[in-house]
Amino acid sequence: MSTFVRVAPFASLTVAVALAAGCSPTPTPSPPPPTATAASSPTPSATPTLRPTTTPAPPPTPSPTPPALGARWTYAELGAGQVLDIAHGDAGYVAVGSTGCADGCLGSAGAWFSADGLTWSNVTIPDGEEFYVHTVATDGSTWYAGGDRFEQTGVITGHIWQSTDARTWELIKSFEVGKCGEGCPTIGMLAARPGSALLTSPFGLVGATRDGYLLAAGTIAWETGGAGDLVHRIKFLGDYQGGRIAENGRRVAILQGVCGARTCFTRAWSAANGRTDWTSKDRPTAIPWTEPSLLVVSGGSFITAGAAAPAGIGVFTSQDGLTWTRIPDDLSMGPDCQLMALSGTDDQLVVAPSCGSGVWVSNGG
């Protein structure tokens, strides 16, 4: 028996519509119309920032090391004459010796002045005819010079001159040095301290210290201003020495020529105050000569110079007065030339050779 289901007409239509809708594909939405925009210029490319090309700066060229004091030398002419000693004071340098004729013949007392060591002018020494001026010293502001001459009577006469400006001199003392016998005596060396000065006998050794004392070996031939009361005698050196004493603010130094039965050599002495506790050293390093040595202080160091191969003159330096080092130098005077005088300041050295009529000057730094 068949069963029929009756469907309402409107319900059938609804179902049909629903079925139709379920079978149709989902519509794709249309894209929105383009939005109108104002016309614009194309965006320019970014311009790169131009930077100058820089080359790295080269490292600075180091300044050449200045030559050491005593390494480079310049010759300065003085004029006719022979320099025998030089000293430096507040005004500059004074060199003394003999002038007026060459080749060792008898001239007159000579003196020269220089403010810088390089340019020199001749100055007059009064009452100096036929005198050799052997020595000059200063306490800084007052200058003393000493010389002698042979008289026809066989007596050696000594003169002491004084100056307060290193240019104008006056005779302050005339005396008999001694009589000629097998040989003729000469005056020795001068040293000065503020207000006083003294002169040694021949080959005596003398020097002034910073604390106001005068150190001496040998006989005192002349003194002024009570210098004799300020002398400390260096008895262990004996009477026959020559040369100089120097002080560098820390030590006092002496270089002594010593001769034994078979050989001669240099002996160095050093002390803290120059009066006690002396230390000696025979044949100090590098120094080849044996005669008493000229000695100065320059730049806080002891400086000495003397005969040395191959140039004829060698320059040496020391901090303690016992150990010495040669300064490589271009000082060439020849093998027959001797050192007559040596002086200096903290930044300059001046030496006088036996050959020629001038001086050699070295500036440091």
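Everything numeric here is computed off the predicted structure, so don't read it as measured data.

### Let's talk about the sheet that holds strand β24 (residues 339–345)
Now for step 1: With respect to topology, four strands assemble into an open sheet ordered β1-β26-β25-β24, the strand pairing being antiparallel. Whereas interior strands pair on both sides, the edge strands pair on one side only; in this sheet they are β1 (74–77) and β24. Sheet twist, expressed as the average angle between the axes of neighbouring strands with direction ignored, equals 25 degrees.
Now for step 2: Sheet topology places strand β25 (residues 348–353) next to strand β26 (residues 358–363); four bridges connect them, and they run antiparallel. In the sheet register, Val351 faces β26, and the bridge partner there is Trp360.

### Side note on the nonpolar core
Now for step 1: In this structure, Trp73, Val315, Leu331, Met333, Leu349 and Val351 are the most contacted members of the largest nonpolar core, which totals 18 residues.
Now for step 2: Sorting the residues of this core by element identifies β20 (294–298), β21 (301–308), β22 (312–318), β24 and β25 as the ones contributing at least two each.
Now for step 3: Core analysis: the second largest hydrophobic core is formed by 16 residues, Ala87, Val94, Phe113 and Ala145 among them.

### Regarding the state of the cysteines
Now for step 1: In total, this model carries one disulfide according to the counting rule given.
Now for step 2: Two residues, Cys180 and Cys184, share a disulfide whose sulfurs are 1.9 Å apart. Its S-S torsion of approximately 120 degrees makes the covalent link between Cys180 and Cys184 right-handed.
Now for step 3: For Cys184, a relative accessible area of 44% puts it in the partly exposed group.

### Some words on the pairing of strand β6 (residues 132–138)
In regular strands, side chains alternate between the two faces of the sheet.
Now for step 1: With five of seven residues buried, β6 lies mostly within the body of the structure.
Now for step 2: Judged from the six bridges that link them, β6 and strand β7 (residues 143–150) form a sheet pairing that is antiparallel. Across the sheet, Tyr132 pairs through a bridge with Asp148, a residue of β7.
Now for step 3: In this structure, the hairpin formed by β6 and β7 is closed by a connection of four residues, where Gly140 is found at a positive phi of approximately 120 degrees.

### Remarks on the sheet that holds β6
Now for step 1: An order of β6-β7-β8-β9 is seen for the four strands of this open sheet, with the pairing classed as antiparallel. Whereas interior strands pair on both sides, the edge strands pair on one side only; in this sheet they are β6 and β9 (170–179). Taking the axes of each pair of neighbouring strands and ignoring which way they run, one obtains an average angle of 20 degrees across the sheet.

### What about the side chain of Ser114?
Now for step 1: On the secondary structure map, Ser114 appears in strand β4 (residues 108–114).
Now for step 2: Owing to a relative accessible area of 1%, Ser114 belongs among the buried residues under this scheme.
Now for step 3: Here Gly117 takes part through its backbone nitrogen, which lies 2.7 Å from a polar atom of the side chain of Ser114.
Now for step 4: Reaching out from Ser114, the side chain makes a polar contact with the backbone oxygen of Thr119 at a distance of 2.8 Å.
Now for step 5: Ignoring any residue separated from it by four or fewer positions in sequence, one finds Ser114 in contact with Gly92, Tyr93, Thr119 and Trp120.

### Points about the packing of aromatic side chains
Now for step 1: Per the stated rule, a full pass over the model turns up four aromatic pairs.
Now for step 2: Pairing Tyr93 with Trp120 gives two aromatic rings, centres 6.2 Å apart and planes at 45 degrees, and the pair type is tilted. Of the two residues, Tyr93 is situated in strand β3 (residues 93–99) and Trp120 in the loop between β4 and β5 (121–123); the sequence distance between them amounts to 27 residues. Here Tyr93 matches Trp120 in class, with each residue buried.

### Notes on the pairing of β9
Now for step 1: The pairing of strand β8 (residues 155–163) with β9 spans eight bridges and is antiparallel. Across the sheet, residue Trp161 finds its bridge partner in β9, namely Leu171.
Now for step 2: Linking two consecutive strands that pair antiparallel, namely β8 and β9, is a turn of six residues; a positive phi of about 70 degrees is found at Ala166 within it.

### A word on the confidence of the model for the protein chain
Now for step 1: Taken over all residues, the pLDDT of the protein chain has a mean of 79, while the share at 70 or more is 76%.
Now for step 2: Across residues 1–27 the pLDDT falls below 50, and counting only partners more than four positions away or on other chains, this stretch makes one contact in the model.
Now for step 3: Overall, residues 36–40 carries pLDDT values under 50, and its contacts beyond four positions in sequence, including any with other chains, amount to zero contacts.

### With respect to the environment of Thr304
Now for step 1: Relative to the helices and strands, Thr304 is located in strand β21.
Now for step 2: Note on Thr304: relative accessible area 0%, which makes it buried.

### A closer look at the side chain of His159
Now for step 1: Mapping His159 onto the fold places it in strand β8.
Now for step 2: Residue classification places His159 among the buried positions, given a relative accessible area of 7%.
Now for step 3: Side-chain polar atoms of His159 contact the backbone oxygen of Asp127, separated by 3.2 Å.

### Some remarks on the pattern of salt bridges
Now for step 1: On inspection of all chains with the given rule, the structure shows two salt bridges.
Now for step 2: Put simply, Glu151 and Arg149 hold a salt bridge, and the shortest N to O gap is 2.9 Å.
Now for step 3: Measuring nitrogen to oxygen at the nearest pair gives 2.6 Å for the salt bridge that ties Asp282 to Arg267. Placement of the pair is Asp282 in strand β19 (residues 279–282) and Arg267 in strand β18 (residues 264–271), with a sequence separation of 15 residues.

The rules behind each value
Residues numbered from 1 in each chain as written. Predicted model: local features only at pLDDT ≥ 70, side-chain atom pairs only at ≥ 80, totals over all residues. Heavy atoms only, no water. Pairing = 2+ DSSP bridges. Helix = DSSP H or I, 4+ residues; strand = E, 2+ residues; numbered from the N terminus. Axes fitted to C-alpha atoms, helices over the stretch in contact; angles between N-to-C directions. Core = buried A, V, L, I, M, F, W, Y, C linked by side-chain atoms within 4.5 Å. Buried < 20%, exposed > 50% of the residue type's maximum accessible area, 1.4 Å probe, protein only. Disulfide = S-S within 2.5 Å. Polar contact = N/O pair within 3.5 Å; in protein donor to acceptor, adjacent residues only side chain to side chain. Contact = heavy atoms within 4.5 Å. Phe/Tyr/Trp six-rings, centres within 6.5 Å; stacked < 30°, edge-to-face > 60°. pLDDT = per-residue confidence, 0-100. Salt bridge = Lys/Arg side-chain N within 4 Å of Asp/Glu carboxyl O.

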